[in-house]
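Fold and contact review
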Amino acid sequence: MVRKRRTELPSSSGESSESQDTAAGRSAQPPTERSPPAQQGGGGRGWPPQSQQQPQQGGRGGYGAGYTPQGRGGSQPRGGMAPQQYGGPPEYQGRGGQPRGMPPQQPLGAPPDSAGRRRGGGSMAGGRGGGPTSGGHSRPPIPELHQATQAHYQAMVNPQPAPSVKPSESYSQAGSSSQPPEPSTAHVAQQFQQLSVQPEAAPPTQAIQPIAASSKSMRFPLRPGKGSTGARCMVKANHFFAELPDKELHQYDVSITPEVTSRGVNRAVMEQLVRLYRESHLGRRLPAYDGRKSLYTAGPLPFTSKEFSITLIDEDDGTGAPRRERPFRVVIKLAARADLHHLGLFLQGRQADAPQEALQVLDIVLRELPTSRYSPVGRSFYSPNLGRRQPLGDGLESWRGFYQSIRPTQMGLSLNIDMSSTAFIEPLPVIDFVTQLLNRDVLSRPLSDADRVKIKKALRGVKVEVTHRGNMRRKYRISGLTSQATRELTFPVDDRGTMKYVVQYFQETYGFVIQHMQWPCLQVGNQQRPNYLPMEVCKIVEGQRYSKRLNERQITALLKVTCQRPHDRELDIMQTVHHNAYHEDPYAKEFGIKISEKLAQVEARILPAPWLKYHDTGREKDCLPEVGQWNMMNKKMVNGGTVNNWLCINFSRYVQESAARAFCQELAQMCHVSGMVFNPEPVLPPYNARPDQVEKALKTRYHDAMTKIQPQKKELDLLIVILPDNNGSLYGDLKRICETDLGLVSQCCLNKHVSKRSKQYLANVALKINVKVGGRNTVLVDALSRRIPLVSDRPTIIFGADVTHPHPGEDSSPSIAAVVASQDWPEVTKYAGLVSAQAHRQELIQDLYKVWQDPVRGTVSGGMIKELLISFRRATGQKPQRIIFYRDGVSEGQFYQVLLYELDAIRKACASLEPNYQPPVTFVVVQKRHHTRLFASNHNDRRSVDRSGNILPGTVVDSKICHPTEFDFYLCSHAGIQGTSRPAHYHVLWDENEFTADGLQSLTNNLCYTYARCTRSVSIVPPAYYAHLAAFRARFYMEPETSDSGSMTSAAVGRAGSGSGAGGRSTRISGVGAAVRPLPALKENVKKVMFYC
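Now for a look at the structure at hand. (Residues numbered from 1 in each chain as written. Predicted model: local features only at pLDDT ≥ 70, side-chain atom pairs only at ≥ 80, totals over all residues. Heavy atoms only, no water.)

1. A look at the side chain of D418
Selection criterion: Secondary structure elements follow DSSP: runs of H or I of four or more residues count as helices, runs of E of two or more count as strands, with numbering from the N terminus. Using a 1.4 Å probe on the protein chains alone, a residue whose accessible area is under 20% of its type maximum counts as buried, one over 50% counts as exposed, and one in between counts as partly exposed. Between N or O atoms, a polar contact is any pair within 3.5 Å; within protein, one atom must be a potential hydrogen donor and the other a potential acceptor, and residues adjacent in sequence are included only when both atoms are from side chains. Only heavy atoms enter the contact rule, under which two residues are in contact if any of them lie within 4.5 Å.
Summarising the element assignment, D418 is placed in strand β12 (residues 412-425). Judged by its relative accessible area of 0%, D418 falls in the buried class. A polar contact is formed between the side chain of D418 and the side chain of H931, at a distance of 3.1 Å. Excluding residues within four positions of it along the chain, D418 makes contact with N238, G401, F402, Y403, R569, I573, H931 and R933.

Laid out in C-alpha cells, this is it:
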C-alpha cells in the first residue's frame, strides 16, 4: 500500500515568485482576459455539442426488468425532472440576489465588507493570525476566487427557452426570470448547441469578483451548531485535558558557532550551558530548547543578550590518550514574548485564530523530557524499553513508543496520546546485517552487482561505530560502498602521495587482521575525501529509525505488532500517561502545565444506517444493514451491467485449463445470479500464457478476439485474468496495457482463490465486475425518493480527490493526483476517475484546471474538473448546480494553500464552461492519518460495541475534542475487523451550500454504505476512497524505464498525454523547473467506468 507521508508544501525558495502568483490565480493579464474566450466544438469554453450529449440511462444494462425509480421513464432525464436550465430555480439566487457565500460587489482591491459575509464563505475579519507573526510563517496571499457578478447571476436564473435566439447570442441574455414550460428535447438540444458555439467575441465573464488579498485572511466556516440526529451515548477519547499555564513565556534566539546540523550536538551544548550557568546567569530558569534556533523560558532571563563559551569533551576511550575537546560559542538573545492570552481567547471561541507560536512553545516544553529519554521521530518517541522488540526480518526490528501532541479543542487544551510502533535498524555488526539482508551465507560466494546495489541502498546514511579500537567507539555515517575489494584498496598516507593498502594499514596501526578481503569497504565521510572502513570492524549504532520502504513481509510483521484490541490499547495509553508522570516533569512544572490523567469523556451519537435499494426482481428488494454489514443473499444488483463478449487469460502454471474454465463458468453464473446479463461462453477458450510475455499475450489474444467479433460491430466487454499468487510487476503491467493501450477493463483473480472457488469470493468479484462494466450494485433508497438534503433537490456532483506520493527513498519519481466525480443524479453512486502525474511530493493538484495554447484553436482550457463536469452533463443531461468536494490526504499545515489553489481551480473550470456558471461549492478535507481514537465507555456492554470490541459504525463526535469554533467532526462509519478502529476526521474548509451539522454528517455516513467493492460500510467517504484507489492504480502506468531510484529517461518526456485527457502535451509543473513525464492517457471508454475498483 502506498503510504502517504505528510509533507510540507514546497517553500517559496523552490518556486519563482512569479509562478506562485500565477498559480494562485492573480494573473498579470487584464481582467477581461481572465477567462479564455469560448472555443468551437467544446475545446475551450462551453459545454460539448449536443451530438455527444446523449444521456446514458442507468449505464449499461439500465435498471433491469421492471425497476424504474420514482418518476423516471422513457427518454425523460434522470428522476423525471425537466433538464434544469442554467442557473437553477429562483431560490438559487441566495439572499438578496447575492452569490452565496461571496462578498458583495466591491471595487477591485477594496477590502471586503466583513458584515456582508455569511458563514459558509468565511468571514474576512480577524483572519487567522492576522498576517505574519514572529516565529510563524505568514499565510499565502488570497487568490481572486472566480465568482459571478450579481447582475449576471440574476439574469441567468431559469431563463426562458427562446427558439428564435441566434447562435451568436449568449445564453444568459436570452430569457426572463419566469418559470419555463417543460422544454422539448429539440429545445434542449438547440440550447446546448447555442452554448457550445459562442463566437470568439462573446463578452468575457464580467468582473469576476476577487477576494481582496489583504492582511486579513479568509476564515474557514464556523460550526453551524451541533448535530442532534442519532442515539446519544458516551465514549472515551485518548485526549487528556491540559490546564493553560499562567506564566509569561519568553522566546530567545540561539546561535551556536561553529554551526552543526545535528540536533543532538546542539542539545548537548545547551544541556552543558544550563548545567553550568542556570544558577549564576540564567536566573534559575529551566529553559526548553527546540534543538535548533529557539529557546523558551517561563519568565524573563536577567539579560536581553549574552554570549557563553561551552566545551564538549569526547567520552574516555580507555586508551589513556587525551580526549578530544570541541569549543562552541553560544549567543542567547531575546526575540519575543509568546502570548498565552490570545490562546485563551481562541479556546473560548472569542478569537478566530489559533496562536501557533504559543501552541508550539507548549509542545516543545512537553517534548523536552521524553526527548532526553527516548528516540524522537516526528511527534512520536520510541524506546526498546517501552515494549518488546520484535524482529521484522532483513536486519530490522520494531520498537514500541507513543505519539504526543498538544491540540486546541472545545474543552480547552488537550494532550493527544496514542500508541505507536515503527521500524528501527537492528544494532548488529554490519556483516550480520548484510547476511540477514541478502538472506544467505554471504561468505560462500562473491557479491553480485545486484547484491552490492541492495547493500548500498540499505546502508546509505546509516551510522556505524568502529569496534577495533577498544572503548573508543568513534561514530561515522555511511556514504557508500567501494567498487573494489578491500584487498585492492589503497589510500594516500602523506602529502607526497605515498600510497598504503588498507589491509596493511589496519595490521600495522591496530594489529587487526582483516578476514573478508574479497568484500568491499564501507565509504564514510564525504565523497571528496572518503574514509574506508572494512565491514567487519563496524557495528550499527542503536536507535536509528529505518525510513525507507518496507517489503510486504515486514509490513505484515509490523501490523501484527501494532494491531491491538480497543481495551488493550486503552490500557496501554493509560499506562503511558502514568509512566510519563507529567506532574513530576521538571519542565512542565517550570512552565506551570498540568495534565489530567483521565481519558476525556465525550458525548457521541450513533447515526442510523441507510436503507439500500436492490432490484425489484430479487427476493429482497431493499435492505437495512446491521452493524455496518449485509450480504447479497436473495438480492440482485440494482442495475446489472452487461458482459456479452469476454476473454480469460491464465498466467499461473498451477492452474490447469480445465480449472480455469470451471472457475470462469462459476464466476459467470455468480454474475448472472447477482443480476448481471453475462454470456456464459467466452469469445475464445481460456488461454495459458507466460508471465514474462504479458504484453505479447494480451495483444495477441485481444487481436484474435476482435478479429472474430468486430465484423458484427461488437466490442470486448471484459478480460478475466488468473495470476500467480506472487506476481511481481505482472499485475501493474497488465493494468497499464489494458487501460491505457487496449481500452479494456479487466478483473484479476489470484491462483489461491481460483482453486478454492468460494461463493463469498465469487460474489465479491461479481460486485467489482458489475461496476467496471457500467452497472450499479446498490443505491440509497433516500436518493431515489429524493430525500437527501442538499443533494436531491437539484443536480449535484460529488467529487473525491487525492494525491499519493512516492515511497520514502524514491527521490524524484512524481506524485500522482486522482480526481473522481459522480456521474449519476439523484443516485450519486457511479464515479468516473481521472489521473495525472505531477511534481515530486507536490500536494496541490496541478491539473484541476489549466490553459494552454493550441496551434489551431488558440487558447484552450481544460483539466480534470472541466472534463468531469462535461461527462456528468453527458451522462445525466443536466448541469451540476451544486458541488461537494471531498479532499483526502491534506495535513492541517496545508489547509490554506490547498483550499486557495484548488477552490480557485474549481471556479475557473466552471467559468470556462459558461460565463457566470458558478455552482455553490462545499470543500471538505478527509483525514485518516491522525491519532484520535474513540473507545466505548463500557467495553463489556454488548449494546455499545461491535464484535471486535470497537465503537459501533455511525458513531459521530462533534464536541469537546473537536475544533473550538470551526466545522469539523469525527465519524467512525465502519465496523471494526481487528485492532482499534480509527475514525475519519472531516473538516469543512468552505461551505456555500450551508450544510447543517446533521446534513453533512448524515450524507457522509450514508455515502459510506455505497462503496462498490464490498457489502460493508467503509471507513472514509467513497469518493475519497475511489480517488485513492485511482491514484494508486496510476502508479502502475509509469513506464517500465522508471528505475528503482525514481530517475527517468528524459527522452520519454512529452511522449504521451496526461490522464486528464489533455492530448499529447508534456505537463510542466509551475515553478518546479523539471518537466514531469505525463502518464499515458486512459482510453475514453475506461474513463467512464469505475476501472479502479
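Here the narrative resumes, following the displayed structure.
2. A few points about the sheet that holds strand β23 (residues 622-623)
Heads up, the rule is: Two strands are counted as paired when DSSP detects at least two bridges linking them.
Spatially, β23-β22-β30 is the arrangement adopted by the three strands of the open sheet, whose pairing is antiparallel. With one partner strand each, in any of the chains shown, β23 and β30 (779-780) form the two edges of the open sheet.

3. Topic: the pairing of strand β7 (residues 325-338)
Sheet analysis places strand β3 (residues 249-257) next to β7, joined by nine bridges and oriented antiparallel. Its bridge partner lying in β7, V254 is registered against I332. In the sheet, strand β6 (residues 305-313) pairs with β7 via nine bridges, with the strands oriented antiparallel. Pairing of S305 across the sheet is with K333, part of β7.

4. Comments concerning helix α5 (residues 340-347)
Helical geometry note: an α-helix holds 3.6 residues per turn, so side chains three or four residues apart project in the same direction. The element α5 is extensively covered by neighbouring structure, given that six of its eight residues are classed as buried. Among the structural elements, β3, β7, α6 (356-373), β11 (396-409) and β12 are those in contact with the buried residues of α5. G349 occupies a position one or two residues after α5 and carries a positive phi of about 80 degrees.

5. Comments concerning the pattern of salt bridges
What counts, and what does not: Within this document, salt bridges are pairs made up of a side-chain nitrogen of Lys or Arg and a carboxyl oxygen of Asp or Glu, the two lying within 4 Å of each other.
Across all of its chains, the model carries 46 salt bridges by this definition. In this structure, E1084 engages K1087 in a salt bridge whose closest nitrogen and oxygen atoms are separated by 3.0 Å. Taken together, the positions of E1084 and K1087, both in helix α23 (residues 1084-1087) and three residues apart, correspond to about one turn of that helix.

6. Here we look at the side chain of H963
Inspection of the secondary structure puts H963 in the loop between β39 (955-957) and β40 (968-972). A distance of 3.0 Å separates a polar atom in the side chain of H963 from the backbone nitrogen of T965.

7. Overview of the pairing of strand β36 (residues 882-888)
Operational definition: Handedness of a crossover is defined as follows: with both strands directed away from the viewer, a clockwise route from the first strand across the helix to the second makes it right-handed.
For β36, the tally of buried residues reaches seven of seven residues, placing the bulk of the element in the interior. Alternating positions in β36 separate into two faces, R882, I884, Y886 and D888 on one and I883, F885 and R887 on the other, with burial throughout. Pairing analysis gives six bridges linking strand β31 (residues 796-804) to β36, with the strands arranged parallel. Paired with F799 across the two strands is F885, which belongs to β36. The pairing of β36 with strand β37 (residues 921-927) spans six bridges and is classified as parallel. Counterpart to F885 in the pairing with β37 is F923. Taking the sense of rotation as the criterion, the β-α-β connection linking β36, helix α20 (residues 895-913) and β37 turns out right-handed.

8. Points about the nonpolar core
Under the convention used in this document: The nonpolar core is taken to be a set of buried Ala, Val, Leu, Ile, Met, Phe, Trp, Tyr and Cys residues, with the residues joined through side-chain atoms within 4.5 Å.
Among the nonpolar cores identified, the biggest contains 134 residues, and F799, L869, Y886, Y986, Y1026 and Y1092 are the most heavily contacted of them. For this core, the leading source of residues is α20, giving twelve residues. Discounting chain neighbours no more than four positions away, the residues touching Y1026 are V820, Y831, T1010, Y1011, A1012, M1090, Y1092 and C1093. Listed in part, the 56 residues of the second largest apolar core include Y289, I310, V361 and L413.

9. Points about the packing of helix α13 (residues 657-673) against helix α17 (residues 759-772)
Heads up, the rule is: Between the N-to-C directions of two axes lies an angle of 0 to 180 degrees, each axis being a line fitted to C-alpha atoms and, for a helix, fitted only over the stretch in contact. Orientation labels follow simple angle bins: below 35 degrees gives roughly parallel, above 145 gives roughly antiparallel, 65 to 115 gives roughly perpendicular, and whatever is left gives oblique. Left-handed describes a crossing in which the near helix is turned anticlockwise from the far one by less than a right angle; the clockwise case is right-handed. Think of it as three bins: nonpolar holds Ala, Val, Leu, Ile, Met, Phe, Trp, Tyr, Cys and Pro, charged holds Asp, Glu, Lys and Arg, and polar takes everything else, Gly as well.
Contact geometry of α13 with α17 gives a least axis separation of 9 Å together with a crossing angle of 65 degrees. Considering their axes alone, α13 and α17 lie roughly perpendicular with respect to each other. Along this stretch, α13 crosses α17, giving a crossing that reads as right-handed. The segment α13 lies against α17, with F663, E666, L667, M670 and C671 engaging K759, Y761, L762, A763, V765, A766 and I769. The class makeup of the residues in the contact of α13 with α17 is ten nonpolar, no polar and two charged.

10. Focus on the sheet that holds strand β33 (residues 831-838)
Read from one edge of the open sheet, eleven strands run β33-β32-β31-β36-β37-β41-β40-β39-β21-β1-β38, paired in mixed fashion. Two strands in the sheet have a free side with no partner beyond their single neighbour: β33 and β38 (934-936). For this sheet the average axis-to-axis angle between neighbouring strands, irrespective of direction, equals 30 degrees. Here β40 runs beside strand β41 (residues 984-991); their pairing, made up of four bridges, is antiparallel. Within the sheet, the bridge partner assigned to F969 lies in β41 and is Y986. Sheet strands touched by α20: β36, β37 and β41. Its angle to β37, the strand with the most contacts, is close to 140 degrees.

11. What about the packing of aromatic side chains?
Our working rule: Here a pair means two rings of Phe, Tyr or Trp (six-membered ring of Trp) with centres within 6.5 Å. Their orientation is stacked below 30 degrees between planes, edge-to-face above 60, and tilted elsewhere.
Applying the stated criterion across every chain yields a total of 25 aromatic pairs. An aromatic cluster of three or more residues is present, and its members are Y831, Y1011, Y1025, Y1026, F1091 and Y1092.

12. Structural notes on helix α4 (residues 263-277)
Quick note on the threshold: By this rule the span expected of a helix is its residue count minus one, scaled by 1.5 Å.
With 15 residues, α4 should reach 21 Å at 1.5 Å per residue; the first-to-last C-alpha distance of 21 Å fits that figure. Buried within α4 we find V265, N266, R267, V269, M270, Q272, L273 and V274. Packed against the buried residues of α4 are β3, β4 (288-289), β5 (294-298), β6, β7 and α6. Capping the start of α4 is the job of one residue whose side-chain oxygen sits 3.1 Å from the backbone nitrogen of G264: S262.

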